Amino acid sequence: MARVILEKITKSFGKFRALHDVSMNFDEGAFHAILGPSGSGKTTILRIIAGFEDYDSGSIHVGNESMENVPVEKRNIGMVFQNYALFPNMTVKDNVIFGLKVRKIKGEAAEKKVKNALELVHMESMSNRKPNQLSGGQRQRVALARALVTSPKVLLLDEPFSALDKALRLEMQIELKRIQREVGITTIFVTHDQEEALTLSDRIGILNKGILVQEGDPKDVYNHPVSSFIATFLGDSNTFEASIDKGIIKIDDERIYASNLNSQIDSKIIKVSIRAEKIKIFKQNEAIEDNFENSLNGEVIQSLFAGKSLTYIVRFGRNVIKVFQQNVYDGILSEGTPVKVLWKATDTIVLKS
Amino acid sequence: MKLHTLSKIYLALILTFLYVPIAVMILLSFNSSKFYRLPIDWTFKWYELLFENQQLIDASINSILIAFITTILATTIGTCAALAFFRHSFRGKNFLLLLLFPPIAIPWLIIGTSMLVFFFWIGIGRGLFALILGHVALAIPYVIIVVGARLKSFDKALEESARSLGATSFQTFWYVTFPFLFPGFLAASLFVFAISLDQFVISYFLATPDSRTLPVEIYTAIRKGFTPEINAISTIIILVSMSLLLIVSRYHKFEK
């Protein structure tokens, strides 16, 4: 177990700048997510930590040890690959024992470690199967056991759930979290799925075009995005161009209230962002019980039913706003209904344009 | 349904034209008549004569020896080349890859002539060594293509995961890469063995009277007058090579 410190890592592939000046701390025993769209450099970070890729400048420390000039096989970092990369010619047991065999750990000591690792992932009954006789979820369990059997300092996961269907993905997420807690290993996982990152991780780092744009507690990052990129990338946000004059914000002519105005913003043109799930929607003639600072009149132009939730697209003035609603009411607002959309001033996110 | 019948007939025709001549030859090797008179009068005479025919036996030994050495050299060199071609990038790689194909397309007659001229020019001349050199050179492109095809479907993450689990590059090759390549390696070996054993044109140019391979010897013998001993030795070769293939396919599935 060890913490991982990346300092000012820069990496280019030819003319393409994959990472630029990325510094990140991964705390001991914590579950970290690196989130970003494809091509953002997130997998490159993982490959640099594992030692598969060189970097142009900067430094990496695992524990107190610099990783410079330490080859992959001497790093003792466990990695689970996107497609699991199980050795097809070996049984489950042989796959798991591989890391011990190449370290010349044999006999009873090795057998015991393999047994423990397979028990940890609930795969002890399948130890004689070949990888092609396993389901996707089982392969992932084996890949985890194989990565953990050598007691690595850090566990790296590269898009571990992307090959699984939705139900299995949820099950494996819960399993991964349990295993991570049980082992207590520093875990870094890379994903493009924001929900996955928010659910699993203690800390989250967001990359865009090779730059670390925000890092922190998942709730903080979600509720206080620092840029419109993050606001739209994480969750569903409505982002509008707005003007600001003497603290008064307007979208076109509609006044918008925001409680935490960022004092650093000095331009007249800004962006405001409101999460779709923070907006309430009512018919215009309905009585409203709560206190919402923001209120806009509009008209439903589209309503989408998705079982547990409803999505409304509402037009107000020249703009449209997306609203999520839990499917708790009887009626669904039909298209063309005049409505009011409401949200609190604390839910207005003010961003630089 | 109609198409099904048609394709069965098609298959039957192919098999007929492929195997009937071979079957005829095998049958005639047991016929005592030198002039293929029917009905067959069963005999082992030609086999007995064959074992007294030192020239044919020597040629067989030469052929098998050359095929073995060629197989070992060509598959080793070819596999290394395939690894270089399909795993690394270097300057001139595409040009070199392109150069692999002409030797397959150029008529053997021309390759044989040019090898003969070249080997004389650099002082190797003809003989066993020249034959092996020629066969190896001829076989390497096939090995690169066969092993390379297998290598193309190799998932590099397998090697990376072996490395991250603590394996050195040698351990990684031995435990992970080679087992994956093995079917391709085996197929290439059989292929090379067959190419070498079968090779006539180039061998004809490069063989000296005491380093004749079997095809060259058979050709020379036919020119002097056909004897059913040739049917007999051909039958033995067919049986040996077919059982070799059957053993391999029994113990190794070619599909993944």
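Keep in mind it's a predicted model, so treat the numbers as computed, not measured.

Draft legend 1. How the structure looks around the overall build of chain A. Across its full length, chain A holds 8 helices and 20 strands. Structurally, chain A occupies a C-alpha span of about 75 × 50 × 35 Å along its principal axes. Counting all 353 residues of chain A, 38% fall into the buried class. By sequence separation, contacts in chain A at least 24 residues apart represent 68% of the contacts at least 6 residues apart.

Draft legend 2. Here's a closer look at the domain arrangement of chain A. Domain boundaries assigned for chain A yield domain 1 (4-223) and domain 2 (236-352). The gap between the C-alpha centroids of domain 1 of chain A and domain 2 of chain A is 39 Å.

Draft legend 3. Structural view of the sheet that holds strand 9 (residues 203-208) of chain A. Residue and element names in this part refer to chain A. Strands sit in the order 6-7-8-3-9-10 across an open sheet of 6 strands; the sheet is mixed. In this open sheet, the two edge strands, each paired with only one partner strand, are strand 6 (77-80) and strand 10 (211-216). Strand after strand, the sheet turns through a mean of 20 degrees between neighbouring axes, direction not considered.

Draft legend 4. Spotlight on the environment of Arg17 of chain A. All names here are of chain A. Among the secondary structure elements, Arg17 is positioned in strand 2 (residues 16-26). Here Arg17 falls in the partly exposed class, since 15 other C-beta atoms lie within 10 Å of it. Non-local contacts of Arg17, meaning those with residues more than four positions away in its chain, are made with Ser12 and Gly210.

Draft legend 5. Spotlight on the nonpolar core. Membership of the largest hydrophobic core comes to 93 residues, with the highest contact counts inside it found for Ile49, Val96, Ala145, Leu156 and Ile188 of chain A. Residue contributions to this core peak at 6 residues, all from helix 4 (residues 136-148) of chain A. Ignoring any residue separated from it by four or fewer positions in sequence, one finds Leu156 of chain A in contact with Leu46, Ile49, Ala50, Ile77, Gly78, Met79 and Ile188 of chain A. Grouped together as the second largest cluster of nonpolar side chains are 29 residues, Phe119, Val143, Leu197 and Phe205 of chain B included.

Criteria and thresholds
Each chain has its residues counted from 1, following the order in which its sequence is written. Chain letters and ligand numbers both follow the written order, the letters beginning at A and the numbers at 1. Whole-chain, interface and lining totals are the exception, using all residues; otherwise, since this is a predicted model, local features are given only for residues with pLDDT of at least 70 and side-chain atom pairs are given and counted only at 80 or more. The helix count covers DSSP runs of H or I at least four residues long, the strand count covers runs of E at least two residues long, and both are numbered beginning at the N terminus. Burial is judged by counting other C-beta atoms within 10 Å of a residue's own C-beta: 20 or more means buried, 12 or fewer means exposed, and anything between counts as partly exposed, with every C-beta placed from the backbone. A pair of residues counts as a contact when their C-beta atoms, built from backbone coordinates, are separated by no more than 7 Å. Domain limits in this description derive from either an automatic procedure or a database domain assignment. Whether two strands pair depends on DSSP finding at least two bridges between them. Note on geometry: axes are C-alpha line fits, over the in-contact stretch for helices, and angles between N-to-C directions span 0 to 180 degrees. In this description, a nonpolar core means buried residues of the types Ala, Val, Leu, Ile, Met, Phe, Trp, Tyr and Cys, linked to one another by C-beta atoms lying within 7 Å.

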